[in-house]
Amino acid sequence: MRLLTILSLYFIQAVASSPLPTDEHGDYNGNDLIEWIKSHPEGDIHPSLRIGRERPGDPTSILGLYVSSSSSPDAKPIEKGDVIAQIPWDHMIHPDGKYKKHKFFSCRAIYNIAKELKLGDKSTRAPYVRYLLTQPRGSMPGEWTKAGQDFFSEVLGHGDLPPYEDTWRSHFEDEWMEGCHGSDDDDMERAAFWLASSRDEDSLMVPIYDMANHSNDPELLNTLSYKPDEAGDTFRFVASKKIMPGEQIYNSYNRCNQCSNVPEKDCDTFSFYRTPDLFVHFGFVEDYPQNWEFDPAHLDSEDSSDDDTEFEFCLLKDAESGELDAFWDEDELPDGADAQWLKEQLKRLQKLSNKKEEVEKQLVQDGDEKMTRWEWESIWRYHQAL
């Protein structure tokens, strides 16, 4: 889920941006976005959709998509197969005519995001741009302070555990500056890159849809999405089962990971991330089920194509007992050496945990912060998951 509690996060600086609309509780309600999308002949928003917080009026509560509660005059369920949102091509931010359905990264799309951010209220997509300009920065490991990144690396054993540093520490430099020839000095380009990393659907920025929080819990996951087949087509967000008034509308950010039983026809987007990948790209530790892969020989291997030392498993939580169950493919079972390596890693993590208060005073003490409180709390959430 996109956790929008604002613990020591900073925001994109808007040059010219009008205030966002709010409900009676002071929470953003997206009415400008909804009306803007509905004003287009190909735009459609389900009348029961509500944008808001899980606990209205509580700024620490999750912002997301919900079905209007029973107290609302629009309180009707969203039925299986109903379109929750249909977004016209002109209302998305995209790579223009360079769009390809199965292309999962686009430099042009990021440049276009930066261009729209700079336009602010002058953008033809102003209702969406205004929302993007309010999004917090600094939530993903790749954009943390040096102190935060250094401590996260220590938690990971400096390359022993995923996510491995080449996937997050120099992500901006590798993907944007080198891969796209982007600027290190343009703050809107930097903001656009991280917005794309955390909010895009492959190479598309899709309003409304990108507000849905994440879950792979089969009891909670209740949607499917359909990307445009080609430039100019619409994006469709559809209910996969009946969603009752008051319930949250969930999407999966890694629907087709190795632990899912999703039919191939429902894998319309790049969604094969494991649990560590989600932390890199979205800044949160997903709830169960989780998908992990470890490589005891990662630091020693000179041949990245050799996966004989890797083992992968799925971690599920029993709904009744609360106990965790691990599931392995027969050819992925860890051997005795793997088990010993895991014990050593757990011992190291526990030792680090025993020093938590001491390290906190050194790194996040009041008045002399070296890393943000958000980074500190995020690292320990990941530590707990490990």
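Counting starts from 1 at the beginning of each chain's written sequence and moves along it residue by residue. Local features in a predicted model are, by the rule used here, given only for residues with pLDDT of at least 70; side-chain atom pairs are given and counted only at 80 or more, and totals for whole chains, interfaces and linings are based on all residues. Only hydrogens and water are set aside; all other atoms, that is, all heavy atoms of the structure, feed into the side-chain values.

### Points about the pairing of strand S4 (residues 63-67)
The side chains of a regular strand alternate between the sheet's two faces.
Stage number 1. Here's how the labels work: a residue is buried when its accessible area is under 20% of the maximum for its type, exposed when over 50%, partly exposed in between, all with a 1.4 Å probe on protein chains only. Secondary structure elements are taken from DSSP: a helix is a run of H or I of four residues or more, a strand is a run of E of two residues or more, and numbering for both begins at the N terminus. In terms of burial, S4 is largely enclosed, as 5 of its 5 residues are buried.
Stage number 2. Residue alternation in S4 divides its side chains into two sets, Leu 63, Leu 65 and Val 67 and Gly 64 and Tyr 66, and both sets are buried.
Stage number 3. With 5 bridges connecting them, strand S3 (residues 49-53) and S4 associate as antiparallel partners. The partner of Gly 52 across the bridge, within S4, is Gly 64.
Stage number 4. In this analysis, strands are considered paired if DSSP registers two or more bridges between them. Bridging between S4 and strand S10 (residues 248-251) involves 2 bridges; their strand directions are antiparallel.

### A closer look at the sheet that holds strand S13 (residues 324-328)
Stage number 1. Taken together, 3 strands build an open sheet; the order of strands is S11-S12-S13 and the sheet is antiparallel. Each end of this open sheet is capped by a strand with a single partner; those strands are strand S11 (290-294) and S13. On average, each strand axis in the sheet is tilted by 30° relative to the strand beside it, whichever way the strands run.
Stage number 2. Sheet analysis places S11 next to strand S12 (residues 311-317), joined by 5 bridges and oriented antiparallel. The partner of Glu 293 across the bridge, within S12, is Glu 312. All axes here are fitted lines through C-alpha atoms, helices being fitted over the stretch that makes contact, and every angle between N-to-C directions spans 0 to 180 degrees.

### Brief notes about the environment of Met 177
Stage number 1. Within the secondary structure, Met 177 is located in helix H5 (residues 171-178).
Stage number 2. Linking Met 177 and Arg 190, residues 13 residues apart in sequence, is a C-alpha distance of 9.7 Å.
Stage number 3. Those residues in contact with Met 177 that lie beyond four places of it in its chain are Phe 172, Gly 182 and Asp 184. Contact between two residues is taken to exist if any of their heavy atoms lie within 4.5 Å; hydrogens are not considered.

### Notes on the sheet that holds strand S2 (residues 44-45)
Stage number 1. The strand order across the open sheet formed by 4 strands is S2-S5-S9-S8, and the pairing between neighbours is antiparallel. Each end of this open sheet is capped by a strand with a single partner; those strands are S2 and strand S8 (223-226).
Stage number 2. Where S8 and strand S9 (residues 235-239) come together, 4 bridges link them in antiparallel fashion. Its bridge partner lying in S9, Tyr 226 is registered against Arg 236.

### A closer look at the packing of aromatic side chains
Stage number 1. Under the pairing criterion, centres of Phe, Tyr and Trp rings, with the six-membered ring standing for Trp, must be within 6.5 Å; the plane angle then separates stacked pairs below 30 degrees from edge-to-face pairs above 60, leaving the rest tilted. On inspection of all chains with the given rule, the structure shows 28 aromatic pairs.
Stage number 2. With a centroid separation of 5.4 Å and 85° between ring planes, the pair formed by Phe 172 and Phe 193 is classed as edge-to-face. Note that Phe 172 is positioned in helix H5 and Phe 193 in helix H6 (residues 187-199), a separation of 21 residues in sequence. For the pair Phe 172 and Phe 193, one class covers both residues: buried.
Stage number 3. The interplanar angle of 50° and the centroid separation of 5.9 Å between the aromatic rings of Trp 292 and Tyr 382 together place this pair among those described as tilted. Placement of the pair is Trp 292 in strand S11 and Tyr 382 in helix H10 (residues 373-385), with a sequence separation of 90 residues. Each member of the pair, Trp 292 together with Tyr 382, is buried.
Stage number 4. Joined through ring pairs, the aromatic side chains of Trp 144, Phe 152, Trp 168, Phe 279, Trp 292, Phe 294, Phe 311, Phe 313, Trp 328, Trp 341 and Tyr 382 make up one cluster.
Stage number 5. Positioned over the ring face of Phe 172 is Arg 190, at 4.1 Å from the centre of the ring.
Stage number 6. In this scheme, the term charge over a ring applies when either NZ of a lysine or CZ of an arginine sits within 6 Å of the ring centre and within 35 degrees of the ring normal. For Lys 356, the ring lying beneath its charged end belongs to Trp 380, and the centroid distance is 4.8 Å.

### What to know about the state of the cysteines
Stage number 1. The criterion for a disulfide is a pair of cysteine sulfur atoms lying within 2.5 Å. In total, this model carries 2 disulfides according to the counting rule given.
Stage number 2. Between the sulfur atoms of Cys 107 and its disulfide mate Cys 180 the distance is 2.0 Å. The S-S bond linking Cys 107 to Cys 180 shows a torsion near -75°; that makes this disulfide left-handed. Here Cys 107, found in helix H2 (residues 107-119), pairs with Cys 180, found in the loop between H5 and H6; they are 73 residues apart in sequence, far enough to count as distant.

### Quick look at the nonpolar core
Stage number 1. Nonpolar core, defined: a set of buried Ala, Val, Leu, Ile, Met, Phe, Trp, Tyr and Cys residues in which side-chain atoms within 4.5 Å join the residues together. Ranked by size, the top nonpolar core spans 51 residues in total, and within it Leu 65, Leu 117, Ile 208 and Ile 249 carry the most contacts.
Stage number 2. It is H6 that contributes the most residues to this core, 7 residues altogether.
Stage number 3. Setting aside residues up to four positions removed in sequence, Leu 65 forms contacts with Leu 49, Arg 50, Ile 51, Ile 208, Met 211, Ala 212, Phe 237, Gln 248 and Ile 249.

### A short note on the pairing of strand S5 (residues 83-87)
Stage number 1. For S5, the tally of buried residues reaches 5 of 5 residues, placing the bulk of the element in the interior.
Stage number 2. Note: S2 against S5, 2 bridges, orientation antiparallel. Each residue of the ladder has a partner; that of Asp 44, found in S5, is Gln 86.
Stage number 3. Looking at chain direction, S5 and S9 are connected through 4 bridges and run antiparallel. Along S9, the bridge assignment pairs Val 83 with Val 238.

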